[in-house]
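# Overview (structure and organization)
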Amino acid sequence: MAGYVCFGALGFVLLFLLSTASGAEVTNLKNIIDHLQNTYGVNGQYALGINVLDTYCTSDGQIDQNFLSQDEAIQVENDIKDKKKRIYFGKELVFALPKTVKRVAIHSEYRLLRDSDPSPMQNLLNKRGNGCTVFFTLNSPCVYTCSTPEGPRSIISALDMFKNHNGPKAFVFNRIWPPDMGTTEWKDNILQIEERIPVYLCDNSECIRCVINNVVNTQCVGQSTNAPKVD
């Protein structure tokens, strides 16, 4: 089951050695993602980042009452409902919805990673240098705008911040942005992200490591939805 998050000691060592991006694995990733989506998830695109004690990210880590206890769901909901904000800055969590500024759509990932200097995510990393950090986006960052290095609002260079983070880390998406399904461009961009932080696809059933030995898992790329036209 190469490419899946392994919970045994041997699996942990193998995935660590095969990782392109430096940093320990988040071996409790599925439980963390489930909790984040169930607690903070909304209808439509959103992105969030956390930086918590690294003990939460080990294979025997327990999501207890202290996990993100200073970032209550109602606080997040109130801030993102504010049409002028649509963003939340918390103690161990940041959260953003997309926002349109002067008819330009600013994506949620960009808002957390690059929309200010320092960015909300950088400020969060600065609070705990060896903490466990997870960056989650519901849809994969789109090829046209976000995940291509030369894109108009690319997040790739901003992901360099994770290279210097010493704790466990993961970049996670829940589903592939439909226009990018099965494209070579999205496959290449997964590698760009992996150079900076380990990439995972976490759907409703499992978390899949997207890159092993510089080979991209086809499940993370998807299959093209552009079927040939029939006259």
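In the block above lies the structure referred to throughout.
A brief report on the enclosed structure follows.

The rules behind each value
- Residues numbered from 1 in each chain as written.
- Predicted model: local features only at pLDDT ≥ 70, side-chain atom pairs only at ≥ 80, totals over all residues.
- Heavy atoms only, no water.
- Helix = DSSP H or I, 4+ residues; strand = E, 2+ residues; numbered from the N terminus.
- Buried < 20%, exposed > 50% of the residue type's maximum accessible area, 1.4 Å probe, protein only.
- Contact = heavy atoms within 4.5 Å.
- Areas by Shrake-Rupley, 256 points an atom, 1.4 Å probe, with all protein chains shown as cover.
- Disulfide = S-S within 2.5 Å.
- Pairing = 2+ DSSP bridges.
- Axes fitted to C-alpha atoms, helices over the stretch in contact; angles between N-to-C directions.
- Polar contact = N/O pair within 3.5 Å; in protein donor to acceptor, adjacent residues only side chain to side chain.
- Right-handed = clockwise from strand over helix to strand, strands pointing away.
- Expected span 1.5 Å × (residues − 1).
- Arc of directions from axis to C-beta.

## Observations concerning the overall build of the protein
A count of helices and strands for the protein gives eight helices and 11 strands. When burial is assessed residue by residue, the protein has 50% of its 231 residues classed as buried. Across the protein, every contact between residues at least 6 apart in sequence was considered, and the portion connecting residues at least 24 apart equals 69%. Of the accessible surface of the protein, which amounts to about 11500 Å², a share of 50% is contributed by carbon and sulfur atoms.

## A short note on the state of the cysteines
Two cysteines form a disulfide when their sulfur atoms are joined by a covalent bond. Counted under the stated rule, the structure contains three disulfides. Between the sulfur of cysteine 210 and that of cysteine 220 lies a disulfide, 2.2 Å long from S to S. Here the disulfide of cysteine 210 and cysteine 220 is left-handed, its torsion about the S-S bond being about -90 degrees. On the criterion of sequence distance, the pair formed by cysteine 210 in the loop between β9 (207-209) and β10 (211-212) and cysteine 220 in helix α8 (residues 218-221) is long-range, its members being 10 residues apart. Taken individually, cysteine 210 and cysteine 220 each receive the classification buried, so the pair is uniform in this respect. Ordering the disulfide-forming cysteines of the protein by sequence position, one finds them joined as 1-2, 3-4, 5-6. Cysteine 142 carries a free sulfur, and the closest cysteine sulfur to it, the one in cysteine 146, is 4.4 Å from it. Residue class for cysteine 146 comes out buried when judged on its relative accessible area of 0%.

## A short note on the sheet that holds strand β2 (residues 87-89)
Strand order in the open sheet formed by seven strands is β2-β3-β1-β6-β7-β8-β9, and the pairing between neighbours is mixed. The sheet is open, and its two borders are formed by β2 and β9, each paired with just one other strand. Mean inter-strand twist for the sheet, computed between neighbouring axes without regard to direction, equals 20 degrees. Relative to strand β3 (residues 93-96), strand β1 (residues 47-52) is paired through four bridges, and the arrangement is antiparallel.

## Structural notes on the side chain of aspartate 71
With respect to the helices and strands, the residue aspartate 71 is situated in the loop between β1 and α3 (73-81). A polar contact of 2.9 Å, which involves the side chain of aspartate 71, links it to the backbone nitrogen of lysine 91. Of note is the side chain of aspartate 71, whose polar atom sits 3.4 Å from the backbone nitrogen of leucine 93. Not counting the four nearest positions on each side in its chain, aspartate 71 is found in contact with Tyr40, Tyr88, Gly90, Lys91, Glu92 and Leu93.

## Considering the pairing of strand β7 (residues 169-175)
Burial of β7 is extensive: six of the seven residues sit out of reach of the surface. Across six bridges, strand β6 (residues 132-139) lies against β7 in parallel orientation. Considered in β7, the bridge of threonine 137 is made with phenylalanine 173. Taken together, the three bridges between β7 and strand β8 (residues 199-202) define a ladder with parallel strand orientation. Each residue of the ladder has a partner; that of phenylalanine 171, found in β8, is valine 199. One crossover worth recording links β7 to the parallel β8 by way of helix α7 (residues 184-194), and it is right-handed.

## Regarding helix α2 (residues 29-40)
Taking 1.5 Å per residue, 12 residues should reach 16 Å; α2 reaches 16 Å between its end C-alpha atoms and fits that length. Within α2, burial applies to Leu29, Lys30, Ile32, Ile33, Leu36, Gln37 and Tyr40. Projected down its long axis, α2 shows its buried positions confined to an angular sector of 165 degrees, all on one face.

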